[in-house]
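# Structural overview for review
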Amino acid sequence: MPELNKDVIFLILKELQQNDVKSLYPYLLINKTWCETTVPILWKNPVNRYYEINKVNNNLFNVIISHISEESKENLKNQGIEIFTKTYKRPSFNYISYWRHLDLLFLQLMMDFFLKYKNIERFKFSIIGKEILNLFNKNTKFIFLNLINSQRFNTFHISGTENCFSELETFHCNDFINCNTLKRLAIINTSIKELKFEIDNNIDKPGIVRLIEVQKNLKNVYLILNYTYVVNESYHTTIENSLIKCANTVQYLRIDWKPYTKFLSYFVNLLSLEIKAPHDANWSHLEEISLPLLKFLKAHSIPSRVLTSLINNTKAHLIEISIFYQGIDDGKLIKTICQSCPNLSYLRLSMYNTNDILKFEDLLINCLSLNRLEITGMNVSNEFNWDMLFIILAKFSPIGLFKFKFSSYGSKFKSSSLKLFFDNWKNRYPMLLQIISAEHISNDRKKLENLVQIYKVNGIVEKYNIDGDDFEGFK
């Protein structure tokens, strides 16, 4: 049998990797060519394989430190740090040179476990950490860098290692980052495609503004506000204005504050928008925005009138909508979704009253592509009418809709309501059902589970989950 060249082997392995990276392990044993081609793929991002597995993390860290030079070992030893209890040969491969995803939080967790395992004083973290970073800085060209929650690497800096980060494509950080690091990145890198910036203290970071402005192909932007009660309008305004320079390339945007400018009006190619802010914010800069290509909308605490205007201006491209706590509007928002989103496949919605439920009938009739539905019943003044909703769902749900998640926010729904739903679901595709906030159910949980189990046996419910995480197949 003729041997395959490395390029062909690489393409085969790359295709197999999409399913499960662990499936590549057997190919290490075929022959030298297959091994030499497989190793760089496996070591491109070890984080995917080793997060939260302490024993394996320790083994991985031993591999990392086996790359340390004799000079560095002696330097550590002179400072009272003995990290080797046995002799380690330098590995056959320079594994670190294949590493493309640098996650300092992952390194921090590994080092913390290693220090505890070796009984090394924690104050020596910075000494060992410096040697580890030197290994990566000398050997690797990264495409991913995460600096979030890695405070123990507070001495991390870019200066002197620019070549390692000149091809960075994904960058995650928060506002604890050193300003000089941001400024250096802005000088050496214009190829970032994904930027996540977490704001914890709202102190101005001019470096992040400059970094955004110089990017030529920025596609995904996450602006995460961890403390919503802290407001820095001028800082947020400056960030919004910097994003205008990338408006033609950005396709996904998350922003955790109400816009202070009309910067979103420039984002004509935006495909996905996630936005949340205090409900009493001034939303004048969002009401007349037109996002003609928008396919995914996720909104939290955005007034219904603002969402109605935004959805009206999406030119019928929306396929997924997630809206929570939009306020009472007598069904106007649901009517807009019904009229403007004929291709809708997923909907998460807070519903408040009978008007919402009545309008929902038309939505089910018009949105024939709907296949996944999440409803939160909001009890504001009167009890939310779950019976009415379940009757409408059973009667008018499109044929492809059988995945449901129901949760309550101060509104109780009884087992008898679910029984009504199940009884009217006969001769339909068995449903995938999730129920959240079971403590609001007036009947005890065991009675509810027994009821659902009966209908599972009868073929009405295929799979169910009560107060648990999304199960496989729901999404």
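In the block above lies the structure referred to throughout.
The model shown is predicted, which means the values in this text are computed figures rather than measured ones.

Procedures and definitions
- Residues numbered from 1 in each chain as written.
- Predicted model: local features only at pLDDT ≥ 70, side-chain atom pairs only at ≥ 80, totals over all residues.
- Heavy atoms only, no water.
- Buried < 20%, exposed > 50% of the residue type's maximum accessible area, 1.4 Å probe, protein only.
- Salt bridge = Lys/Arg side-chain N within 4 Å of Asp/Glu carboxyl O.
- Helix = DSSP H or I, 4+ residues; strand = E, 2+ residues; numbered from the N terminus.
- Arc of directions from axis to C-beta.
- Core = buried A, V, L, I, M, F, W, Y, C linked by side-chain atoms within 4.5 Å.
- Domains from an automatic or database assignment.
- Contact = heavy atoms within 4.5 Å.
- Polar contact = N/O pair within 3.5 Å; in protein donor to acceptor, adjacent residues only side chain to side chain.

### A word on unusual backbone geometry
Positive phi is not limited to glycine here, since Ala 316 has a value of about 65 degrees. According to the relative accessible area criterion, Ala 316 is partly exposed, its value standing at 29%.

### Some thoughts on the pattern of salt bridges
Tallied over the entire structure, the rule returns nine salt bridges. Here Arg 254 and Glu 274 are joined by a salt bridge, their closest N and O atoms 3.9 Å apart. Here Arg 254 is found in strand β6 (residues 252–255), whereas its partner Glu 274 is found in strand β7 (residues 272–276), with 20 residues between them in sequence. On the accessibility criterion, Arg 254 (17% relative accessible area) is buried.

### A word on helix α5 (residues 70–78)
Working note: α-helix, 3.6 residues per turn, so residues spaced by three or four point in the same direction. Residues Ser 72, Lys 73 and Leu 76 constitute the buried set of α5. Down the axis, α5 shows its buried residues gathered within 105 degrees of arc, on one side only. Opposite the buried face of α5, at more than 90 degrees from it, the exposed residues are Glu 70, Glu 71, Lys 77 and Asn 78. Downstream of α5 by a residue or two, Gly 80 has a phi angle that is positive, lying close to 80 degrees.

### A word on the nonpolar core
Counting residues in each nonpolar core, the largest one holds 137 residues, and the members touching the most others are Ile 64, Ile 132, Phe 171 and Phe 360. Sort the elements by how many residues they give to this core and helix α6 (residues 104–118) lands first, with seven residues. Structurally, this core is a two-domain feature, drawing no fewer than three residues from each of domain 1 (6–42) and domain 2 (302–312 + 322–474). Once residues within four sequence positions are removed from consideration, Phe 360 is found in contact with Ile 334, Leu 347, Met 351, Leu 373, Ile 375, Leu 389 and Leu 393.

### Points about the side chain of Ser 340
Take Ser 340: it is sitting in helix α13 (residues 332–340). Side-chain polar atoms of Ser 340 contact the side chain of Asn 312, separated by 3.1 Å. When neighbours within four sequence positions are excluded, Ser 340 is seen to be in contact with Ile 311, Asn 312 and Ala 316.

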